[in-house]
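The residues making up each chain are set out below.
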Amino acid sequence: MDERRRYDRATADLEPPLAILDMDALRANAAGMVDRARGKPIRLASKSIRCREVLRRVLRIDGFRGIMAFTLPEALWLAADGFTDILVAYPTADGAALAALAGDVRAAREITVMADSVEHLDFIEKAVGGVPDRQQIRICLDVDAGFTAFGGRFRAGALRSPVREPADAVALAATTAGRPGLRLTGLMAYEAQIAGVGDRVPGPYGRVVRLMQERSRRELAVRRGRVVQAVRRIADLEFVNGGGTGSVEKTAREKAVTEIAAGSGLYHPRLFDFYRNFTGRPAALFALPVVRRPAPDVVTVLGGGYHASGSPGASRLPQPYLPAGLRYDPREGAGEVQTPLLGPAARDLGIGDRVWFRHAKAGEMCERFDALHLVEGDRVTETVPTYRGEGKTFL
């Protein structure tokens, strides 16, 4: 049975729009990620999942350990539900959440917050200053993993931390260690220009991307090793985090890195089709119903304007996936209320039929749907709420 028929049959009793998670595909993707990690644990990026039940299921798979949360309120919520070893991937400016963290023995034991400046340390200490019997706050230093060339005139990678060289990290580590209310426990460096940029691109641009990534990988391996070595003289680091779905096996080679961060590869959204070093199976999809037939080769579906974050462009649009052979009208794209789709495949679609889409990114799909229907074979075995379905967005 082909995928489209299988998904249609599994969800025949449900009304679209709806979202599914193909559990066979997810498990296959998880196995591939664990294999690529070469024995190093994978810290599960919650922003790429956004569903507590899926987080639980993945963490039961050998090779996955710990959560990388995207906000401190999310981390507190997960910790209260029994999740452990939670790293907040981005610095927080939420004073109330910091005070709650400092006042909760269990949460303070399980959650580590991010810092990349003395200003962050000052903010944390001010936020928790009035908490009686406050707990020590666990700190992870965020180090810039971007690639620069031509004297800094060229840069690739996320604009994250101002901490780049060993001396920068040592200075901040020493300042952290000198504050009794804080404890330096980890270090993170995320190489977005490798992990988050596909290298399976034809033509000259693809060659430039691959050249940049190889040079960046070599430079970062040396610099990250030196940073970690220098910081370990000041603090007994429990973990050194790096990588992402697109660079799992490359980052795992570095001796200084103790764990890999990843999550998007489990759902395998559209943007992850463009990597040469691994393949995956689309696991997370959403279905929109056909509501119009403006012409023989045109159907219109309900909704569809689920653009992904990042630099705007066609790559941020969902992919009409099943049936194959549908494309957007270039004048309309993905619409706010309805979306026309063009192509020969439209001839066989009638009112009420489903078009299956893949989101460009992973967890962002869950911001549009209250539930994920978990598909095994040709049936839905369970329906579980997304963060949105539980009234939690954290952004």
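Residues numbered from 1 in each chain as written. Predicted model: local features only at pLDDT ≥ 70, side-chain atom pairs only at ≥ 80, totals over all residues. Heavy atoms only, no water.

### Quick look at the side chain of R6
Moving on, step 1. Within the element layout of this structure, R6 appears in helix α1 (residues 3-10).
Moving on, step 2. Looking at R6, the relative accessible area reads 12%, which means it is buried.
Moving on, step 3. Within polar-contact distance, the side chain of R6 engages the side chain of Y7 at 3.5 Å. (Helix = DSSP H or I, 4+ residues; strand = E, 2+ residues; numbered from the N terminus. Buried < 20%, exposed > 50% of the residue type's maximum accessible area, 1.4 Å probe, protein only. Polar contact = N/O pair within 3.5 Å; in protein donor to acceptor, adjacent residues only side chain to side chain.)

### Quick notes on the UniProt feature "domain: Alanine racemase N-terminal" (unreviewed entry) in the chain
Moving on, step 1. The feature "domain: Alanine racemase N-terminal" (unreviewed entry), as annotated in UniProt, sits at residues 22-267 in this numbering.
Moving on, step 2. Secondary structure within residues 22-267 divides into 45% helix and 19% strand; the distance between the first and last C-alpha atoms comes to 9 Å. (UniProt positions renumbered as here; feature names shortened; annotations may be inferred.)

### A closer look at the domain arrangement of the chain
Moving on, step 1. Segmenting the chain into domains produces domain 1 (23-269) and domain 2 (284-386).
Moving on, step 2. Taken together, the contact between domain 1 and domain 2 spans 15 residues of the former and 19 residues of the latter.
Moving on, step 3. Both sides of the domain 1 and domain 2 interface together cover about 1300 Å² of buried area, and 55% of this is carbon and sulfur.
Moving on, step 4. Of all residues in domain 1, R50, Y267 and P269 give up the largest surface area on contact with domain 2, accounting jointly for 45% of the area buried on that side. (Domains from an automatic or database assignment. Contact = heavy atoms within 4.5 Å. Buried area = accessible area lost by both parts, 1.4 Å probe.)

### Points about the nonpolar core
Moving on, step 1. Of all hydrophobic cores here, the largest spans 96 residues; its most connected members are L21, L72, I111, I139, L266, Y267 and L372.
Moving on, step 2. The element that contributes the greatest number of residues to this core is helix α4 (residues 72-80), accounting for six residues.
Moving on, step 3. Core analysis: the next-biggest nonpolar cluster, separate from the first, contains ten residues, Y7, L18, A287 and W356 among them. (Core = buried A, V, L, I, M, F, W, Y, C linked by side-chain atoms within 4.5 Å.)

### Let's talk about unusual backbone geometry
Moving on, step 1. Omega for the peptide link from P16 to P17 comes to 5 degrees, which places this bond in the cis form.
Moving on, step 2. Along the chain, P17 falls in the loop between α1 and β1 (18-22).
Moving on, step 3. Residue P323 is bonded to the preceding L322 through a cis peptide linkage, with omega at 0 degrees.
Moving on, step 4. When you line up the elements, P323 lands in the loop between β14 (319-322) and β15 (327-328).
Moving on, step 5. Even without a glycine there, the phi angle at R38 is positive, about 55 degrees.
Moving on, step 6. Locating R38 in the fold gives a position in the loop between α2 (23-36) and β2 (42-45).
Moving on, step 7. Taking relative accessible area as the criterion, R38 reaches 52% and is therefore assigned exposed.
Moving on, step 8. Positive phi values are uncommon outside glycine, yet D133 reaches one of about 50 degrees.
Moving on, step 9. Looking at where D133 falls in the secondary structure, it is placed in the loop between α7 (118-128) and β6 (137-142).

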